[in-house]
Amino acid sequence: MASLNTFGAIMSHAIKLEARLGDWYGSIGEGGKARAADKRRRKLERARRENVLEITLEPIRGLDAADYALELDDGTAPCQAAAAEVAARFYADVAPKINVRAAQRALERCGKEHAALASGATG
Amino acid sequence: MSRTIQNYVNGGWVDASPSDSIAVHDPATCQLLAHCPDSTAADVDVAVRAARDAFDEWRSTPVLVRAQFMHHFKVMVEERFEDISQIVVREHGKTRDEARGEVRRGVESIDFAMSVPVLMRSDGLEDISSGIDETTVRQPAGVFAAITPFNFPFMVPLWFLPTAITCGNTFILKPSPQTPLSTELLFELLDELDLPEGVVNLVNGGVPSATALMEHPDVTGVSFVGSSPVAKIIYETCTRNGKRVQAQGGAKNYIAVMPDANIEASVSNILGAAYGCAGQRCLAAAVAVGVGDAYDQLKDELARQVSGLKVGYGLDETTQMGTVISDSAKERIESMIGQSQDEGAEVVVDGRGLQVAGYEQGSWVGPTLIADVQPNTLMATEEVFGPVLSLMKAEDFDEAVDIINQSRFGNAASIFTSNGRHAREFKYNVNAGNIGVNIGVAAPSASFPFGGQKDSFFGDLHGQGMDSIEFYTERKIVIERWV
């Protein structure tokens, strides 16, 4: 798995994560969660486009995509919670590494939404 | 057989006159991407006549309508953002993030052009004499051209084109023949924008077309970005032909690192400044001057962090530094590293001979760090335009400023410090057009002029910001009395 060592690598991983989750939620009949994932994906694409300024090009260290592998075996509640936990942990780890506040905020918001899903606070 | 790209003239794609063409390669894979025609003076003449003929109608198009075109243009660029950045990577060799950053900066220039209706407004005064009013109006000045470099093939054209045409001028772009594909896509978008025929024109090629633009009597002004020797030629040729000209040249940008700076954080920032775009940019950090005790710390921390940079193909998101533009650039850069060794400098991290697995034919030069560089040697004085950072030592702040001001270039200079007095004195005393304080790449945003002094700029009005409004307009003074 790839190292998450650049702004683009992190944002692209997040975008792919949301796309994968969106497809999965759709396949297990969780339309609302699928739409929310798609919305997050589009927000992240915009954040990647609009915040890639010079200062974000500093190397980023200590993150590896392998640590955030999703296990999307079935649609049971524990499996959904586990996926949301992985996603929430990913966002919690990567957001502090991003040195542009707008992009950092986008990642933090995604993390909060996944944390809420993991705790069953929202559906 | 690869395709030969076309010119865009008078609202349509046309073949250039038969001539030699220039091969365009992906510098990482060596894949032949296209051929760029070497347009002739006759091709330029057709484009200039189209631009001249379009001028009267375009200048009388309401400025709000002209600005509205820029709103639509921005939307188109945003929609194709990833496609554009991918093409920039493929023809230039930079990383994906760097390409995205370039497109973003281009969008900022389109944003700026939307402000033209405000920025073109002028002033006036009633009763300058009894019953006499005096006002100033800004008018577009005619046909403008830009000759742009390979290193930012999408962004640099947008420093000029959006503002020029929104001010009511018509425009001809001649991009670098090494990287013509980003501008080809730029003009595909402009074609979709459905501007009146002749407002924007693209002429591909090298010296013959550039010379023809500079000598054509119907071209009002020329913008140029490139090396200093060429910028000087452009400036002299254009002024000899009675044209406005803004010619941005090369650089040797210094960074002073004070003992009170946060060395680890400073080095992270300096890394991007020195090795971003593989050092192929006029704002690249070329020499870091360690002041006093900072020198040894700087050298150690740079060596540690430089060695960790991942060099590779730009389309791989994990790549932190891409290729240089061509094998000839690689040879030149590697030769300069060797010469610096001959002069007694220490090559701490040597990027020569780098191979990247899977891309063995690519034009790779790894990030290079050279220490103990002395004043008046090659690495202290000549632009490398590659991923090479030199280290010099200064005993104190004043010596660092002296070293920086000895350079014949004056594009950018930065200081890393936590001392406000040093920051202030640096801003005040260093002779460079763009100053960074705890910023390695002092890149002005689109609403500020892109500075440059000494051999880094030839002309009066810079690109971007209010300077660009001045450059692209003619002021007319109207004195009125109605009896």
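Residues numbered from 1 in each chain as written. Chains lettered and ligands numbered in written order. Predicted model: local features only at pLDDT ≥ 70, side-chain atom pairs only at ≥ 80, totals over all residues. Heavy atoms only, no water.

Novice: Any chance you could break down helix H2 (residues 31-50) of chain A for me, citing the residues and the numbers?
Specialist: Each full turn of the α-helix corresponds to 3.6 residues, which orients residues three or four apart in the same direction. Given a rise of 1.5 Å per residue, 20 residues ought to cover 28 Å, and the 29 Å separating the end C-alpha atoms of H2 of chain A matches this to within 8%. All of the buried residues along H2 of chain A are Lys 33, Ala 34, Ala 37, Arg 40, Arg 41, Leu 44, Ala 47, Arg 48 and Arg 49 of chain A. (Helix = DSSP H or I, 4+ residues; strand = E, 2+ residues; numbered from the N terminus. Expected span 1.5 Å × (residues − 1). Buried < 20%, exposed > 50% of the residue type's maximum accessible area, 1.4 Å probe, protein only.)

Novice: Provide a residue-level description of the sheet that holds strand S12 (residues 253-257) of chain B, including the pertinent values.
Specialist: Residues and elements named next belong to chain B. With mixed pairing, the seven strands of this open sheet are ordered in space as S14-S15-S16-S13-S12-S18-S19. Both outer strands of the open sheet, strand S14 (346-349) and strand S19 (434-437), are each paired with one neighbouring strand and no more. On average, each strand axis in the sheet is inclined to that of its neighbour by 25°, with strand direction left out of account. Bridging between S14 and strand S15 (residues 368-371) involves three bridges; their strand directions are antiparallel. Bridging from a neighbouring strand, Val 349 pairs with Leu 369 of S15. Across the sheet, helix H14 (residues 397-405) touches S12, strand S13 (285-291), strand S16 (388-394) and strand S18 (412-416), and the angle it forms with S16 is around 135°. (Pairing = 2+ DSSP bridges. Axes fitted to C-alpha atoms, helices over the stretch in contact; angles between N-to-C directions. Contact = heavy atoms within 4.5 Å.)

Novice: Any chance you could break down the sheet that holds strand S6 (residues 132-140) of chain B for me, citing the residues and the numbers?
Specialist: Residue and element names in this part refer to chain B. With antiparallel pairing, three strands are arranged side by side in an open sheet as S5-S6-S22. Two strands bound the open sheet, and with one partner strand each, they are strand S5 (124-129) and strand S22 (473-481). Between one strand axis and the next, the sheet turns by 30° as a mean value, whatever way the strands run. Pairing of S5 with S6, which is carried by three bridges, proceeds in the antiparallel orientation. The residue of S6 that forms the bridge with Ser 129 is Ile 132.

Novice: I'd love a proper account of the interface of chain B and chain A, names of residues and values included.
Specialist: Counting from both sides, the interface comprises 22 residues of chain B and, opposite them, 20 residues of chain A. Buried area between chain B and chain A, summed over both chains or domains, comes out near 1,800 Å², and the portion from carbon and sulfur atoms is 54%. For the chain B face of the interface with chain A, the top three residues by lost area are Asp 97, Arg 104 and Glu 317 of chain B, together amounting to 27%. Seen at the junction of chain B and chain A, the total is two salt bridges. In this assembly, chain B and chain A are joined by ten residue pairs in polar contact (both at pLDDT 80 or more). When contributions to the side of chain B that touches chain A are tallied by element, the ones reaching two or more residues are helix H3 (81-92), helix H4 (96-113) and helix H10 (263-275) of chain B. The biggest single contributor to the side of chain B that touches chain A is H4 of chain B, with seven residues. Tallied by class, the residues present in the side of chain B that touches chain A amount to four nonpolar, seven polar and eleven charged. (Buried area = accessible area lost by both parts, 1.4 Å probe. Salt bridge = Lys/Arg side-chain N within 4 Å of Asp/Glu carboxyl O. Polar contact = N/O pair within 3.5 Å; in protein donor to acceptor, adjacent residues only side chain to side chain. Nonpolar A, V, L, I, M, F, W, Y, C, P; charged D, E, K, R; others polar.)

Novice: Let's hear about empty space enclosed by the protein: which residues, and what values?
Specialist: All names here are of chain B. Within this structure, the stated rule accounts for three cavities of 30 Å³ or more. Counted as a void, the second largest cavity has a volume near 100 Å³. If you trace the second largest cavity, you find 14 residues lining it, with Gly 279, Ala 284, Ala 286, Val 384 and Phe 385 closest to the centre. Counted by class, the lining of the second largest cavity contains eight nonpolar, three polar and three charged residues. (1 Å grid on protein atoms, 1.4 Å probe; cavity = no way out; pocket = protein on both sides within 12 Å on 5 of 7 lines; lining within 4 Å. Points joined across faces, edges and corners; volume = space filled by probe spheres on them.)

Novice: Go over the state of the cysteines, please, and point to the residues and values.
Specialist: In this structure the tally under the stated criterion is zero disulfides over all chains. Between Cys 167 of chain B, a free cysteine, and Cys 238 of chain B, which holds the nearest cysteine sulfur, the sulfur-to-sulfur gap is 19 Å. (Disulfide = S-S within 2.5 Å.)

Novice: Before we move on, can you summarise the packing of helix H2 (residues 63-79) of chain B against helix H7 (residues 181-193) of chain B with the specific residues and values?
Specialist: Residue and element names in this part refer to chain B. Remark: H2 packs on H7, axes separated minimally by 10 Å, with the N-to-C direction vectors making an angle of 135°. The pairing of H2 with H7 is recorded here as oblique in orientation. Every pair of crossing elements has a handedness; the one defined by H2 and H7 is right-handed. On H7, the residues touching Phe 69, His 72, Phe 73, Met 76 and Val 77 of H2 are Leu 186, Leu 189, Leu 190, Glu 192 and Leu 193. By residue class, the composition of the contact of H2 with H7 is eight nonpolar, one polar and one charged. (Parallel < 35°, antiparallel > 145°, perpendicular 65-115°, else oblique. Left-handed = near helix turned anticlockwise from the far one by under 90°.)

Novice: Can you lay out the pattern of salt bridges for me, pointing to particular residues and giving the numbers?
Specialist: Considering all chains together, one arrives at 36 salt bridges over all chains under this definition. One salt bridge connects Arg 41 of chain A with Glu 45 of chain A, and the closest N-O pair in it is separated by 3.0 Å. Residue Arg 41 of chain A and its partner Glu 45 of chain A are located together in helix H2, separated by four residues, close to a single helical turn. Judged by relative accessible area, which is 26%, Glu 45 of chain A ranks as partly exposed. The residue Asp 53 of chain B makes a salt bridge to Arg 52 of chain B at a minimum N-O spacing of 3.5 Å. Looking at Asp 53 of chain B, the relative accessible area reads 56%, which means it is exposed.

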